[in-house]
Amino acid sequence: MFGFSSKKSGPVQMVKDAYDKGVQYMQAGDPARAMLWLSRADTIYCANDDTYEAVGEALTKDCSSRIGALEEEPTLVNQITAQVEELAEELEGSQLRLWGLMSMARLAQLGKKLAQLPDCEVLGQLETAVRLMLQSFSSPISGQEFQFLESVRDALYDLSDLESFWDCGEIEVPGKAPFQAFDLNGMLAVLEMHTYIDSHLACLLGEEVGAPGPQPDIVPCALLPDYYLRTLEGDISQVPAVQAELERIRSDFAFIQKFPELSDVEARINGYLQLDILA
């Protein structure tokens, strides 16, 4: 609907372009796409102090205020986030961890493809990270494996601040629009994976006392709303791939709620690790 230059620009211009587009969508009554672009602007200017200062306080304050208002809108993202938070209250800590791990597993194959992009190599390590965390539910992992998880955790955090993450690097998707690494900005997928691994490592070390513990925020991250909002028109809740992921979220909850055998959990996660979520 609203144009956005594909020509590579500096971060300040990218912020202004994304902010302007977000404001236009907000004025047009499309809160989901307004959130997409305003959140992109926020991510870019928060990644660097010089960029933050260059775009100016008026823009950053207004952008933040708009994002806060959009968090109250009845968008698909807001609705599924609220639903997941409500369902999570019915789960014990280990159940919630496994529910989140299933969602993370569904990003593994996409991560391998994105790993070819500059500075995105860590996304190619998601499968190994998921397998190690799954293993830790039944048997100890080695010190070297623990350090590997720490390195993945740290690299995911760093990735969200790198220009190479948000400069529109993309991969081809057969029969569909290209997928941008920056599409993982939706629902803060990269940072939520970082937080999930960090919480899991704290659990393994027995350092959870006083900490918030496992959170459900990672559960809907494989929905990939930014990709569909960016590349398609209309209500993305009607997109078959989105409907399929919503069903997987619900199915996983019903499955984990019954305290399944760990072998059955492993079988489900192993299947997800081979899933092409964009197919």
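Now for a quick tour of the structure. Predicted, not measured: the structure shown is a model, and the values here were computed from it.

Focus: the overall build of the chain
At step 1: The helix and strand tally for the chain stands at 14 helices and two strands.
At step 2: In terms of C-alpha radius of gyration, the chain reaches 19 Å, essentially the compact-globule figure of 19 Å for 279 residues.
At step 3: Seen through its principal axes, the chain has C-alpha atoms that stretch 50 × 40 × 40 Å.
At step 4: Across the 279 residues in the chain, those meeting the buried criterion constitute 49%.
At step 5: For the chain, restricting intrachain contacts to residue pairs at least 6 apart in sequence, the fraction spanning at least 24 positions comes to 70%.
At step 6: Here the chain holds 20 positive side-chain charges and 45 negative ones, and the gap between their average locations is 7 Å.

What about helix α5 (residues 76-88)?
At step 1: Spanning 13 residues, α5 covers 18 Å between terminal C-alpha atoms, matching the ideal 18 Å at 1.5 Å per step.
At step 2: Listing the buried residues of α5 in full gives Leu76, Asn78, Ile80, Val84 and Ala88.
At step 3: Where α5 is buried, its residues touch α4 (57-70), α6 (93-105) and α13 (240-257).

Here we look at the nonpolar core
At step 1: Within the largest apolar cluster, 91 residues are counted, with the highest numbers of intra-cluster contacts made by Trp99, Leu123, Phe179 and Leu184.
At step 2: With eight residues, helix α2 (residues 31-46) is the largest single contributor of residues to this core.
At step 3: Sequence-distant contacts of Phe179, that is, excluding residues within four places in its chain, are made with Leu110, Leu114, Gly169, Glu170, Ile171, Val173, Leu184, Leu224, Tyr227, Arg230 and Leu278.

Looking at the packing of aromatic side chains
At step 1: Tallying each qualifying case throughout the model produces five aromatic pairs.
At step 2: Relative to Phe182, the ring of Phe165 lies with its centre 5.5 Å away and its plane at 70 degrees, an arrangement referred to as edge-to-face. In this pair, Phe165 sits in helix α10 (residues 163-166) while Phe182 sits in the loop between β2 (176-180) and α11 (189-205), placing the two residues 17 residues apart along the sequence.
At step 3: Centre to centre, the rings of Phe179 and Tyr227 are 5.1 Å apart; their planes meet at 40 degrees, and the pair counts as tilted. Placement of the pair is Phe179 in strand β2 and Tyr227 in helix α12 (residues 225-231), with a sequence separation of 48 residues. Neither Phe179 nor Tyr227 differs from the other in exposure class; each is buried.
At step 4: Grouped by ring-pair contacts, the aromatic residues Phe179, Tyr227 and Tyr228 constitute a single cluster.
At step 5: Sitting over the ring of Trp37, Arg40 keeps its end group 5.2 Å from the ring centre.
At step 6: Note that Arg268 overlies the ring of Phe255, its terminal NZ or CZ placed 4.1 Å from the centroid.

Some words on the packing of helix α8 (residues 126-135) against helix α14 (residues 262-273)
At step 1: Axis separation between α8 and α14 bottoms out at 11 Å; the angle between their running directions is 180 degrees. Between α8 and α14, the interaxial angle falls into the category roughly antiparallel. Of the residues in α14, those touching α8 at Glu127, Val130, Arg131 and Leu134 are Leu262, Val265, Glu266, Ile269, Asn270 and Leu273.
At step 2: Looking at the contact of α8 with α14, its residues break down into six nonpolar, one polar and three charged.

Some thoughts on the environment of Cys63
At step 1: Mapped onto the fold, Cys63 is located in helix α4.
At step 2: Overall, the relative accessible area of 0% leaves Cys63 in the buried class.
At step 3: A sequence separation of 78 residues divides Cys63 from Ile141, and the C-alpha atoms of the two residues are 44 Å apart.
At step 4: With near-sequence residues (within four places) excluded, Cys63 lies in contact with Tyr19, Leu38, Ala41, Asp42 and Tyr45.

Reading the values: the criteria
Residues numbered from 1 in each chain as written. Predicted model: local features only at pLDDT ≥ 70, side-chain atom pairs only at ≥ 80, totals over all residues. Heavy atoms only, no water. Helix = DSSP H or I, 4+ residues; strand = E, 2+ residues; numbered from the N terminus. Rg over C-alpha atoms; globule rule 2.2 N^0.38 Å. Buried < 20%, exposed > 50% of the residue type's maximum accessible area, 1.4 Å probe, protein only. Contact = heavy atoms within 4.5 Å. Lys, Arg positive; Asp, Glu negative; His and termini not counted. Charge placed at Lys NZ, Arg CZ, Asp CG, Glu CD. Expected span 1.5 Å × (residues − 1). Core = buried A, V, L, I, M, F, W, Y, C linked by side-chain atoms within 4.5 Å. Phe/Tyr/Trp six-rings, centres within 6.5 Å; stacked < 30°, edge-to-face > 60°. Lys NZ or Arg CZ within 6 Å of the ring centre and 35° of its normal. Axes fitted to C-alpha atoms, helices over the stretch in contact; angles between N-to-C directions. Parallel < 35°, antiparallel > 145°, perpendicular 65-115°, else oblique. Nonpolar A, V, L, I, M, F, W, Y, C, P; charged D, E, K, R; others polar.

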